[in-house]
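# Close look at the chain arrangement
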Amino acid sequence: MIQLDTLLCGCEHPASASLGDPDVEWVLEDGELLGDRDPLSPSERLAVVDQLAEFGIETLRLSGTAGIDADAIDELVGRAAEQDVETTLRLNGEQLDRDRLESLADAGLDRISVVVKGLSTPRQKHTASDATDTALETLRAAEGIDLATELRFPLQAESAVDMEEIYDLAGLLSADRFRLAHVPDDDLDDERRRRAVRRLADLTRDAHERGNHLETVLSGGIDAGYVTEYTRDRLDGECATNVRESLRERLGTAPSPPVAKIGPAGSVYPGPFWDRYALGSVRDRPFGAIWTDESNPLLERLRHEEAALPDRCRHCEFGDVCSGGSRGRALVAHDDPFEPDPVCYVDKERAASGSTVESTAD
């Protein structure tokens, strides 16, 4: 995760501490992930929270909760809060009213996150329009509750032009965070991705100057190269150097993979896009034992950055700050996790410096 407002607006003292253990994304309900297996029971879910806390996980994202009993969600959130695990509930089309949000906040939930894939306009299909309205209504209901809020915006070709207005909506609805995420889209070329991130960086700096401190976040390390390029072109030399060093320390030395995923039946995956590659189940072994298994050849390679980087990334001047982006997206696009990330959007000619990136794992 790259926090643009901290990097671009406070670059004299940018956050530079390395990430520790991975974040965990936990999908509680998903038919495709579940298959013919039984979902974890409420008591098993609580035991998983204990496993995560014992291992030292600090950040947990819950999704796929629409069909789960509200009391069970509150109990799960409460168990995490008791053990100082910061928890976000990610909604994907569900609308929560004020009473439900207050109940979650009382249970100890730290953040509610909604997704907006485009503006609610007459030109959209009704389903897209309804989903946008649902997300915005949840943000309105959260206003005044002691609960942080996030608006997620997946960048896609048909909605890229809406980004600036959606960013403004996040501020008007008092959201605490705007998060832009890159998703594979063949209709969205590199220049349009660069243009979107460049505009978001400009909006972030403008908002900060006006005293509007909406937290602006880029979801993945794939943005680190372009953010480095942006600061070099737009900010003074010392600031650009500090930003690059901060990104290198936070992302170049991040745990590999930086996000673990748990499915509804307890399977553990190397990340959000790795649904075909379960490393084991929390029903058989604790999460920590699965994640640190030195006998797993896939995890072993992913932990050694240079071994996991595609050739193009090893010769890219930004390889040490982005660590090659997402190996999971590469798997989905190329059926090989060690190919380039399909949403890499740096200027390939400019980035090809010809010098080999040193592995941060050595």
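In this text the structure is predicted, and so the values were computed from the model without any measurement.

Here is what the cut-offs are and how they apply
- Residues numbered from 1 in each chain as written.
- Predicted model: local features only at pLDDT ≥ 70, side-chain atom pairs only at ≥ 80, totals over all residues.
- Heavy atoms only, no water.
- Helix = DSSP H or I, 4+ residues; strand = E, 2+ residues; numbered from the N terminus.
- Contact = heavy atoms within 4.5 Å.
- Areas by Shrake-Rupley, 256 points an atom, 1.4 Å probe, with all protein chains shown as cover.
- pLDDT = per-residue confidence, 0-100.
- Patch = residues over 30% accessible without salt bridge, like charges linked within 9 Å, V, L, I, M, F, W, Y side chains within 5 Å.
- Salt bridge = Lys/Arg side-chain N within 4 Å of Asp/Glu carboxyl O.
- Lys, Arg positive; Asp, Glu negative; His and termini not counted.
- Charge placed at Lys NZ, Arg CZ, Asp CG, Glu CD.
- Buried < 20%, exposed > 50% of the residue type's maximum accessible area, 1.4 Å probe, protein only.
- Phe/Tyr/Trp six-rings, centres within 6.5 Å; stacked < 30°, edge-to-face > 60°.
- Lys NZ or Arg CZ within 6 Å of the ring centre and 35° of its normal.
- Polar contact = N/O pair within 3.5 Å; in protein donor to acceptor, adjacent residues only side chain to side chain.
- 1 Å grid on protein atoms, 1.4 Å probe; cavity = no way out; pocket = protein on both sides within 12 Å on 5 of 7 lines; lining within 4 Å.
- Points joined across faces, edges and corners; volume = space filled by probe spheres on them.
- Nonpolar A, V, L, I, M, F, W, Y, C, P; charged D, E, K, R; others polar.
- Core = buried A, V, L, I, M, F, W, Y, C linked by side-chain atoms within 4.5 Å.
- Expected span 1.5 Å × (residues − 1).
- Axes fitted to C-alpha atoms, helices over the stretch in contact; angles between N-to-C directions.
- Parallel < 35°, antiparallel > 145°, perpendicular 65-115°, else oblique.
- Left-handed = near helix turned anticlockwise from the far one by under 90°.

So, on to the overall build of the protein. What the protein contains, in helices and strands, is 17 helices and 11 strands. Put simply, of all contacts in the protein between residues at least 6 apart along the chain, 74% involve residues at least 24 apart. Accessible surface computed for the protein: about 16400 Å², of which carbon and sulfur atoms make up 44%.

As a further point, take the confidence of the model for the protein. This prediction gives the protein a mean pLDDT of 88; 90% of its residues lie at or above 70. Ignoring residues within four places in sequence, the model shows residues 122-127, a span with pLDDT below 50, making four contacts including any to other chains. In this model residues 354-362 is a low-confidence stretch, pLDDT under 50, and it forms 22 contacts with partners more than four residues away in sequence or in other chains.

A grouping of Asp-21, Glu-58, Glu-86 and Asp-110 is seen on the molecular surface, where their side chains present a negatively charged patch. The exposure class assigned to Glu-86 is partly exposed, which follows from its relative accessible area of 38%.

Here we come to the packing of aromatic side chains. This structure, assessed with the given rule, holds six aromatic pairs. Taking the centre distance of 5.4 Å and the plane angle of 75° together, the rings of Tyr-167 and Phe-178 count as edge-to-face. With a gap of 11 residues between them, Tyr-167 in helix 7 (residues 163-172) and Phe-178 in strand 7 (residues 177-182) connect regions that are remote in the sequence. Grouping residues by exposure puts Tyr-167 and Phe-178 together as buried. Ring centres 5.8 Å apart and planes at 10° place the aromatic pair Phe-287 and Trp-291 in the stacked group. With Phe-287 and Trp-291 both in helix 11 (residues 287-291), this residue pair falls four residues apart, about one helical turn. As far as the burial class goes, Phe-287 and Trp-291 line up, both buried. Three or more aromatic residues joined by ring pairs make a cluster, and in this case those are Phe-55, Phe-287 and Trp-291. Its end group placed over the ring of Tyr-269, Lys-261 keeps NZ or CZ at 6.0 Å from the ring centre.

With that out of the way, let us pick up the environment of Asp-71. With respect to the helices and strands, the residue Asp-71 is situated in helix 4 (residues 70-82). We classify Asp-71 as exposed; its relative accessible area is 59%.

Note on helix geometry: an α-helix contains 3.6 residues per turn, so any two residues three or four positions apart are oriented the same way. Within helix 16 (residues 327-334), the full set of buried residues consists of Arg-327, Gly-328, Arg-329, Ala-330 and Leu-331. Two or three places before Gly-328, at the opening of helix 16, Ser-326 has a side-chain oxygen 3.2 Å from that residue's backbone nitrogen. Following helix 16 by one or two positions, Asp-335 has its phi on the positive side, about 60°.

It is worth spelling out the layout of surface pockets at this point. By volume, the second largest pocket is sized at about 200 Å³. Taken together, 17 residues make up the lining of the second largest pocket; nearest its centre are Arg-312, Cys-313, Cys-316, Cys-344 and Val-346. Residue assignment for the lining of the second largest pocket shows that the elements contributing at least two residues are helix 14 (311-314), helix 15 (319-322) and helix 17 (348-351). Broken down by class, the residue content of the lining of the second largest pocket amounts to 10 nonpolar, four polar and three charged.

It is worth spelling out unusual backbone geometry at this point. In this structure, Asp-84 is a non-glycine residue whose phi angle is positive, near 60°. The residue Asp-84 is located in the loop between helix 4 and strand 4 (86-90) in this model.

Moving on: the nonpolar core. Counting residues in each nonpolar core, the largest one holds 90 residues, and the members touching the most others are Trp-26, Leu-151, Phe-178, Leu-247 and Phe-287. One finds Leu-33, Tyr-269, Trp-274 and Leu-331 within the second-largest nonpolar core, a separate group that totals nine residues.

To continue, consider helix 3 (residues 42-55). Between its first and last C-alpha atoms helix 3 spans 20 Å; for 14 residues at 1.5 Å apiece the expected length is 20 Å, and the two agree. Along helix 3, the residues classified as buried are Arg-45, Leu-46, Val-48, Val-49, Gln-51 and Leu-52. Considering only its buried residues, helix 3 is in contact with strand 2 (23-27), strand 3 (59-63), helix 4, strand 9 (259-262) and helix 11. Looking at the residues trailing helix 3, positive phi occurs at Gly-56, about 105°.

Next up on the list: the pattern of salt bridges. Counted by the stated rule, this structure contains 24 salt bridges. Arg-61 is the salt-bridge partner of Asp-23, the closest N and O atoms lying 3.8 Å from each other. On the criterion of sequence distance, the pair formed by Asp-23 in strand 2 and Arg-61 in strand 3 is long-range, its members being 38 residues apart. Relative accessible area serves as the criterion here: at 27%, Asp-23 is assigned to the partly exposed category. Arg-234 serves as the salt-bridge partner of Asp-202, at 3.3 Å between the closest nitrogen and oxygen. Of the two residues, Asp-202 sits in helix 8 (residues 190-209) while Arg-234 sits in helix 9 (residues 224-234), which places them 32 residues apart along the sequence.

Let us look at the packing of helix 8 against helix 9. Between helix 8 and helix 9, the shortest axis-to-axis distance is 11 Å and the interhelical angle comes to 55°. Considering their axes alone, helix 8 and helix 9 lie oblique with respect to each other. Classified by chirality, the crossing of helix 9 by helix 8 is right-handed. Facing helix 8, whose interface residues are Arg-194, Val-197, Arg-198, Ala-201, Asp-202 and Arg-205, helix 9 presents Tyr-226, Tyr-230 and Arg-234. Split into classes, the residues belonging to the contact of helix 8 with helix 9 amount to four nonpolar, no polar and five charged.

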